[in-house]
Amino acid sequence: MIALDTALQGDVSPGLMGFLIVAALGLALFLLVKSMRKQISKIEVPSESELNKRKPTA
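Before going into details, it helps to say that this report is about the structure given with it.

### Details of the overall build of the chain
Part 1 of the argument: Broken down by element type, the chain carries 2 helices and 0 strands.
Part 2 of the argument: Evaluated residue by residue, the chain yields a buried proportion of 2% over its 58 residues.
Part 3 of the argument: Total accessible area computed for the chain in this model is approximately 6,100 Å², and 67% of it derives from carbon and sulfur atoms.

This is how it looks when you write it as structure tokens:
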């Protein structure tokens with residue numbers, strides 16, 4: 001019985017609510033990173049040869 005009641009009465013733990021908040025933040029972070037990767041993949045970066053063709057040589 002003593003081993004199960006090692007926490008003092010004044011101790012506070014995060015409990016279920018703390019876990020749910022951390023899980024929600026983790027899910028939000030996952031969705032934001034997924035969306036960011038999708039948006040970054042849409043960016044077209046010209047190659048170096050295309051940049052040289054556009055640049056007028058003087």
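Further notes follow.
### Considering a nonpolar patch on the surface
Part 1 of the argument: Among the surface-exposed residues, L29, V33, M36, I40, I43 and V45 lie close enough to one another that they form a single nonpolar patch of about 600 Å² accessible area.
Part 2 of the argument: Inspection of the secondary structure assignment puts I40 in helix α1 (residues 15-41).

What counts and how
- Residues numbered from 1 in each chain as written.
- Predicted model: local features only at pLDDT ≥ 70, side-chain atom pairs only at ≥ 80, totals over all residues.
- Heavy atoms only, no water.
- Helix = DSSP H or I, 4+ residues; strand = E, 2+ residues; numbered from the N terminus.
- Buried < 20%, exposed > 50% of the residue type's maximum accessible area, 1.4 Å probe, protein only.
- Areas by Shrake-Rupley, 256 points an atom, 1.4 Å probe, with all protein chains shown as cover.
- Patch = residues over 30% accessible without salt bridge, like charges linked within 9 Å, V, L, I, M, F, W, Y side chains within 5 Å.
- Salt bridge = Lys/Arg side-chain N within 4 Å of Asp/Glu carboxyl O.

As far as function goes, none of this settles anything; it's purely spatial.
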